[in-house]
Amino acid sequence: MSTAPTTPTVAELEEQERRLVFRRFTNDDAWALGSLLVELAREREAPVAIDIHRAGQQLFHAALPGSAPDNNAWIARKRRVVERYGSASYLVGSRFRAKGTTFEESSRLDPDAYAAHGGSFPVTVAGVGVVGAVTVSGLPQVEDHRLVVEALERFIGE
């Protein structure tokens, strides 16, 4: 990863969502994707927690060295944004910023329950729609987002 990542545009984030779509998403897929995320995070010694949910069920969770219980709270808050908006948590926050406001100021949602910060990405199945979310917490938000996108690109084969 570069030392000074540029902030992706709304268009770039929307393009990621259009590309990163599954043909199907099983419990075994969740395990394999979660394991890939753990491998990528360990290579970087990233102090993250990783979570994959589908249809309200947690299919994968890992807390790597250096992560903290607070990461689990961030995961839940970012995942709720994906579940509510059907888009990546970072994209949702970016859309509010592009309008000259913030998610916290304008969404009218409880910030203790929702966080439009990078790191949660929709699990979208072709012909079905959003069925879940894959979430990382522990790094700066753009890096959380990029880690998830990198794993999805490798897993889906983009």
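Coordinates for the structure precede this section.
Thresholds, definitions, all that
- Every chain is numbered independently, its residues counted from 1 as its sequence is written.
- pLDDT decides what is reported in this predicted model: residues at 70 or higher carry local features, side-chain atom pairs at 80 or more are listed and counted, and totals for whole chains, interfaces and linings draw on all residues regardless.
- Note: side-chain values were computed over all heavy atoms of the structure, leaving out hydrogens and water.
- The helix count covers DSSP runs of H or I at least four residues long, the strand count covers runs of E at least two residues long, and both are numbered beginning at the N terminus.
- To estimate how far a helix should extend, the number of its residues minus one is multiplied by 1.5 Å.
- Partly exposed residues are those whose accessible area sits between 20% and 50% of the maximum for their type, while under 20% is buried and over 50% is exposed, using a 1.4 Å probe and protein chains only.
- Contact between two residues is taken to exist if any of their heavy atoms lie within 4.5 Å; hydrogens are not considered.
- Lines fitted to C-alpha atoms define the axes, with helix axes restricted to the stretch in contact, and inter-axis angles between N-to-C directions lie between 0 and 180 degrees.
- The scheme is simple: roughly parallel for angles under 35 degrees, roughly antiparallel for over 145, roughly perpendicular for 65 to 115, oblique for anything else.
- For any pair of crossing helices, the crossing counts as left-handed if the nearer helix is rotated counterclockwise from the farther one by less than a right angle, and right-handed if it is rotated clockwise.
- Whenever a carboxyl oxygen of Asp or Glu lies within 4 Å of a side-chain nitrogen of Lys or Arg, that contact is scored as a salt bridge.

**Student:** I'd love a proper account of helix α6 (residues 141-156), names of residues and values included.
**Tutor:** Between the first and last C-alpha of α6 there are 22 Å, a value that for 16 residues agrees with the 22 Å anticipated at 1.5 Å per step. Taken residue by residue, α6 has Val142, Asp144, His145, Leu147, Val148, Val149, Glu150, Ala151 and Leu152 as its buried positions. In the core, the buried residues of α6 are packed alongside α1 (10-19), α2 (27-43), α3 (69-85), α4 (89-98), β3 (120-125) and β4 (129-137). Count one or two residues on from α6 and you reach Gly157, which has phi positive near 95°.

**Student:** An account of the packing of α1 against α4 is requested, with residue identities and associated values reported.
**Tutor:** Viewed as axis vectors pointing N to C, α1 and α4 meet at an angle of 155°, and their least axial separation amounts to 10 Å. Relative to α4, the element α1 is oriented roughly antiparallel. Where α1 crosses over α4, the two elements pack in a sense that is left-handed. Touching Val10, Leu13, Glu14 and Glu17 of α1 are Tyr90, Leu91, Ser94, Arg95 and Ala98, all from α4.

**Student:** How would you summarise the pattern of salt bridges if you had to cite specific residues and measurements?
**Tutor:** For side chains of opposite charge, pairing can occur when their charged atoms come near one another. Inspection of every chain in the model, using the stated rule, returns 9 salt bridges. We note a salt bridge from Glu15 to Arg19, for which the minimum N-O separation is 2.8 Å. Of this pair, Glu15 and Arg19 both sit in helix α1, 4 residues apart, which is roughly one turn of that helix. Residue Glu15 is classed as partly exposed on the basis of its relative accessible area, which comes to 32%. One salt-bridge network, in which partners are shared between bridges, spans Glu15, Arg19 and Glu153.

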